[in-house]
Amino acid sequence: MSTVERNENLRNIAIIAHVDHGKTTLVDAMFQQTGLFRADQKVDERLMDTMDLERERGITIAAKNCSIQWKGVRINIIDTPGHADFGGEVERAISMADGAILLVDASEGPLPQTRFVLKKALEAGLKILVVINKIDRQDARPEQVLDEIYDLMIDLDATEEQLEFSLLYAVGREGIAKRALEEEGENLHPLLDTILEEIPGPSHDSSAPFQMLVSDLDYSDYMGRLAIGKVFNGTARSRDSLICMGEKEQNISLKVSKLQVYRGMTLVDVDEVQVGDIAVLAGIEDVKIGDTICNGEAPMALPRISVDKPTVSMEFTVNDSPFGGTEGRYVQSSRIRARLRRETLLNVAVEVEENGDRDSVLVKGRGEFQLAILIETMRREGYEFCVGRPEVIYRHENGCKMEPLERLMVDCEEQFLGVVTEKLSLRKGKMTNLVNNGKGRVHMEFSVPTRALIGYRDEFLTDTRGTGIMHSLFDGYGEYRGDCPSRFTGSIVSDRTGKAVPYALFNLEPRGRLFVVPGDPVYEGMIVGEHNRVQDIGVNPSKEKKLSNMRAAGKDDNVILTPIKPMTLEQAISFIREDERVEITPLSVRMRKTILSDQKRHMMRGARLKKKNLGL
């Protein structure tokens, strides 16, 4: 007869926090205080941010694992991203955890992305431990933040048991945690002790054979494909013969060539993995996230990791501009396709679809930010390609057109309340809540279509003079709210190939905002600026001053151009319209028209106008 037991030598915890609430800094302090490093050893800050993009942006993009030892118990820490666009990473991380630490800033309180990850943790039935961090801030308000946490958990339908969470206060930067505000904190021992007391050890069926759910994949040049996941039942040894159960219960035989587990940030070889271990298994090539690796004599599949469906799609195409192939290493459509297919193996939230065109492919994801991170990663790897404007994915239910909606939270000064409300109402946003605390700032909540927020962030920062804070969270599908404008300005488009010259750019400045500087190469169809008016305008940025042998007063003035802020990748993606693309290379980010020839665009405009006049 089977009995449920717990492995008390292990704890698996996920850390939930919004961007910049101090999660990675707290984990650094836990490493230091559990003896992972020598007292005099020099270590980098933010050890868990292993990707270059994570260090540059100060955010967690990929879920990662590490472990620490405390009082003879190994604590496996699973770092979850704080952004809803990386929801696939969150769902994978939570599948390996038995409990979660909810880390909240003592001033900002629980923010929308916290809500998303916490919702997933509560649905998975994880035991929650709350830590209010940064209590040393001048504007800290821990009592009010605690009330907000209770309100949030009640709103997310937390059970009575989940609402009776343990609470600690911390200053992660100084490595201090305490059970009460009035206590004098010295170290993180109260937090580590609470983890052992409150978070349960991994449960398992004592009589069940080996079962491991694949939650992550990696690749080694020496060992090939690596399957990473939590051992739910039984044990496995190196050289064991097992099977991998796929999505349609297809069984693939495998022989374990190597077993590894996490010790600190590094992997160490072991002869055996036990229940609750987060194991790294080598010996199988054809494995996907969500597969079950189990004993061949009694194969039983575990429930697959379910992820929310993508809400945004983007077209990836080969770069067919005149500069195509001059800056990138991988430019062929087959190379771009292969790289995107590889991404779907590692990221369950990304889907790749063929669209019938040999030179393009459709990529679907959780949000434009997730796709922007994928694009940035690919360009750093040497890929060169073009992408179209992000498009939301519509659904049709009972004859109604449904579109993804966002729950938007805005915090801004009271004087900008009018302009923010006006701009969002134009974009079909509906205000659901307004709180004025009487201190000069207002907090607003809106229900807004996802498509309306594409390109709005820069406009919002301009409208609030850089003082506004905006967070959004996917809020399900709702009825289509009608057409809304995406951009109120046109594009300044180069009508020939050449190099931008100061004289031409100086004379173009009154037309709008420029994106190029003198000396930049340009080509026909390339977008060199943003026009003040709605329509596009063709210009010659290579036009030089006509020289003559006659001197005239005031004609030899030095040309002084307005400084130009370079367009970032995210700004370029949100700026372009339906008939435009972003050209991405390892060295440059340029915007261009999909059809480069000015003559062809003119003919197509004429054909569309003729159709409209005929009522076709």
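Here, every reference points to the structure presented above.
Per chain, residue numbering runs from 1 following the sequence as it is written. pLDDT decides what is reported in this predicted model: residues at 70 or higher carry local features, side-chain atom pairs at 80 or more are listed and counted, and totals for whole chains, interfaces and linings draw on all residues regardless. Where side-chain values are given, they derive from all heavy atoms of the structure, hydrogens and water being excluded.

1. Section: the pattern of salt bridges
Salt-bridge detection follows one rule: a side-chain nitrogen of Lys or Arg within 4 Å of a carboxyl oxygen of Asp or Glu. A complete count under the given rule lists 37 salt bridges for this structure. A salt bridge links Asp193 to Lys71; the nearest nitrogen and oxygen atoms lie 2.9 Å apart. Of this pair, Asp193 sits in helix α7 (residues 189–198) while Lys71 sits in the loop between β3 (64–70) and β4 (73–79), placing them 122 residues apart in sequence. The buried label applies to any residue whose accessible area, calculated with a 1.4 Å probe on protein chains only, is under 20% of its type's maximum; exposed applies above 50%, and partly exposed to all values in between. We classify Asp193 as buried; its relative accessible area is 18%. Where Glu376 meets Arg380, a salt bridge forms, and the shortest distance between an N and an O atom there is 2.8 Å. Helix and strand assignments follow DSSP, with helices taken as H or I runs no shorter than four residues and strands as E runs no shorter than two, numbered in order from the N terminus.

2. Considerations on the packing of aromatic side chains
When two rings of Phe, Tyr or Trp (its six-membered ring) have centres within 6.5 Å they constitute a pair, described as stacked for plane angles under 30 degrees, edge-to-face for angles over 60, and tilted for the intermediate range. Going through the model one piece at a time under the given rule, you end up with seven aromatic pairs. With 6.0 Å between their ring centres and 50° between their planes, Tyr456 and Phe460 make a pair best called tilted. Within this pair, Tyr456 and its partner Phe460 are both found in helix α12 (residues 456–463), separated by four residues, close to a single helical turn. Seen from the ring of Tyr477, Arg395 lies directly overhead, with NZ or CZ sitting 3.9 Å from the centre. It is Lys401 that lies over the ring of Tyr394; its NZ or CZ is 4.4 Å from the centre. Remark: a charge is flagged as sitting over a ring if the NZ atom of Lys or the CZ atom of Arg is within 6 Å of the ring centre and within 35 degrees of the ring normal.

3. Quick look at unusual backbone geometry
In the Ramachandran plot, Lys71 falls in the positive-phi region, its phi being about 55° despite a non-glycine side chain. Unlike most non-glycine residues, Lys428 shows phi in positive territory, near 65°. The exposure class assigned to Lys428 is partly exposed, which follows from its relative accessible area of 29%.

4. Quick look at α7
Of all ten residues that make up α7, seven are buried, and the element is covered over most of its length. Taken together, the buried positions of α7 are Pro190, Leu191, Leu192, Asp193, Thr194, Ile195 and Leu196.

5. Describing the side chain of Arg451
Turning to its location among the elements, Arg451 is positioned in helix α11 (residues 450–453). Judged by its relative accessible area of 13%, Arg451 falls in the buried class.

6. Things to note about the packing of helix α10 (residues 417–426) against α12
For helices, the fitted axis covers only the stretch in contact; all axes are lines through C-alpha atoms, and the angles between them, taken along N-to-C directions, range from 0 to 180 degrees. The contact between α10 and α12 brings their axes to 10 Å, and the two run at 160°. Relative to α12, the element α10 is oriented roughly antiparallel. In this structure, the crossing between α10 and α12 has a hand that is right-handed. When α10 is examined against α12, the residues Val419, Val420, Lys423 and Leu424 are found in contact with a partner set consisting of Tyr456, Glu459, Phe460 and Asp463. Among the residues making up the contact of α10 with α12, the classes are represented as five nonpolar, no polar and three charged. Every angle not falling under 35 degrees, over 145, or within 65 to 115 is termed oblique; those three ranges are roughly parallel, roughly antiparallel and roughly perpendicular. Note on convention: the crossing is left-handed when the near helix lies turned anticlockwise from the far helix by less than a right angle, right-handed when the turn is clockwise. Contacts: residue pairs with any heavy atoms within 4.5 Å of one another. Basically, the charged four are Asp, Glu, Lys and Arg, the nonpolar ten are Ala, Val, Leu, Ile, Met, Phe, Trp, Tyr, Cys and Pro, and anything else, Gly included, counts as polar.

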